Amino acid sequence: MEALPVQRKMWIDRVTGKTFVVSGGGVGMDHAQLRAMMVAKGWRERGIAESSARGAAAVGLVWVELMPEKRFDPRCYRVHCALKNLLDEDRKQCICNKGELHRLLAERAPEAAGRWLAHTRLLCDVHSVREGEVLILRPVGQWAWAGYEIYHAYDERSLKEGKRHLLKQFPGAIASEYVVDPLTWHGRKCHMRMYWLVRAASRDGSRPFQAELWERGKILTAAAEYHTGDWDNKEVHDSHGHSTPEDLLFPEDLEGADTADLLRQMREALVPVGEVLRNAAVPFAESRDAFEVFGADFLPTRRGTVVLMEVNERVGFQSAHEAEGTDPGGKYAAFLGAYLHWVYDKAIAPLFDEAQAILGMEVPPGRPADH
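Residues numbered from 1 in each chain as written. Predicted model: local features only at pLDDT ≥ 70, side-chain atom pairs only at ≥ 80, totals over all residues. Heavy atoms only, no water.

### Remarks on the overall build of the protein chain
- Within the protein chain, the regular secondary structure consists of 11 helices and 14 strands.
- The buried share of the protein chain, taken over its 371 residues, is 54%.
- Counting only carbon and sulfur atoms, one obtains 52% of the accessible surface of the protein chain, whose full area is about 16600 Å². (Helix = DSSP H or I, 4+ residues; strand = E, 2+ residues; numbered from the N terminus. Buried < 20%, exposed > 50% of the residue type's maximum accessible area, 1.4 Å probe, protein only. Areas by Shrake-Rupley, 256 points an atom, 1.4 Å probe, with all protein chains shown as cover.)

Shown next, in the form of structure tokens:
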């Protein structure tokens, strides 16, 4: 058998086995599909209670999702593991805080920032609105994507009103130029939620930083038909999951657009974002390796271009039919299944299945952590 590379052997020697823990759930992700896929690939599940106990054996993978109260189960941070689907919380704010992302891209890649981002500045520095200009005023941070406390400024009165509401509670609020020519779905403004997988460099240097955008995504729409003006009408100008009438998927449901070119642009736009994150993408202390899938929101325009709106750490997998418990034609289940297999192939298989193939033997069932 061909000699095993030294760095790969270092990994094999500390393999914890194809054991996994699922933490959280109840916010869109169907864990039944996840568990079925893992078991079919030869994995064995362990409970989070036993795995987070003092002295518990390390596991191969910890898969973390939000709980219904929109927080992570604190026990997930006590499970020692080879791989976790979560990067260190604080350091990734360089891209998940919209204001910080705009600032860093403007500093490090000004040409890319000018091409892919809407012009953005701190709200406290905005003192007037030009004739014909429309600004989106919003807070930044972990839950800014939820759509709460967002205002439009299109004249001096609306700017003053937005600043009065926002700056006292959110001193770091930002103002971005509003894109007035969005591509629409059946007349409604829409944006794409794309899935961007980031893999941190391994602690031992055996695996480099890697970032890749999936070719598929979700399309989220506003509730009402788009038109300019009436800027305070959120049903016209805000696109969210709750206002999307059915499960709409990219690229198949985006009509009247060159979706291959849009995908090319989105991948290009995320290259400088990846460079911003590269040195900040690190595992938590309890995991040797880590990856995370971010939700990159892009607004398509009638000009055939895209604008990067933001990068979300809380991705959201809710189906438009989740509340009623249906899935017409199994469309969303098929989409989620394809997503899970993509994540497995890109982030999990290179650590476990490839190692098993190189050794020509079963990966061991796990042993206590040696942290």
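Continuing now.
### Quick look at the environment of Leu 61
- With respect to the helices and strands, Leu 61 occurs in strand S3 (residues 59-64).
- Residues in contact with Leu 61, not counting those within four places in the same chain, are Thr 19, Phe 20, Val 21, Met 38, Trp 43, Leu 83, Phe 291 and Ile 348. (Contact = heavy atoms within 4.5 Å.)

### Details of the sheet that holds strand S6 (residues 135-138)
- Read from one edge of the open sheet, four strands run S5-S8-S6-S7, paired in antiparallel fashion. Taken across any chain shown, the strands that pair with only one partner, and hence form the sheet edges, are strand S5 (120-122) and strand S7 (151-153). Recorded for the sheet is a direction-independent mean angle of 30 degrees between the axes of neighbouring strands.
- Examined bridge by bridge, S6 and strand S8 (residues 174-177) share four bridges and lie antiparallel to one another. Among the inter-strand pairings, Ile 136 is bridged to a residue of S8, identified as Ser 176. (Pairing = 2+ DSSP bridges. Axes fitted to C-alpha atoms, helices over the stretch in contact; angles between N-to-C directions.)

### What about the confidence of the model for the protein chain?
- Per-residue pLDDT for the protein chain has a mean of 87; in total, 88% of the residues score no lower than 70.
- When the criterion is pLDDT under 50, residues 1-13 qualifies, and its contacts beyond four places in sequence or with other chains add up to 22 contacts.
- In this model, residues 357-371 is a region of pLDDT below 50 whose contacts with residues beyond four sequence positions or in other chains number 38 contacts. (pLDDT = per-residue confidence, 0-100.)

### Concerning the nonpolar core
- Counting residues in hydrophobic clusters, the biggest one holds 43 residues, and the most contacted among them are Ile 95, Met 192, Trp 196 and Phe 298.
- No other element matches the eight residues that helix H9 (residues 259-277) contributes to this core. (Core = buried A, V, L, I, M, F, W, Y, C linked by side-chain atoms within 4.5 Å.)

### Examining the side chain of Ser 287
- Structurally, Ser 287 is set in strand S13 (residues 287-300).
- Other than its neighbours up to four places away in sequence, Ser 287 contacts Cys 81, Lys 84 and Arg 203.

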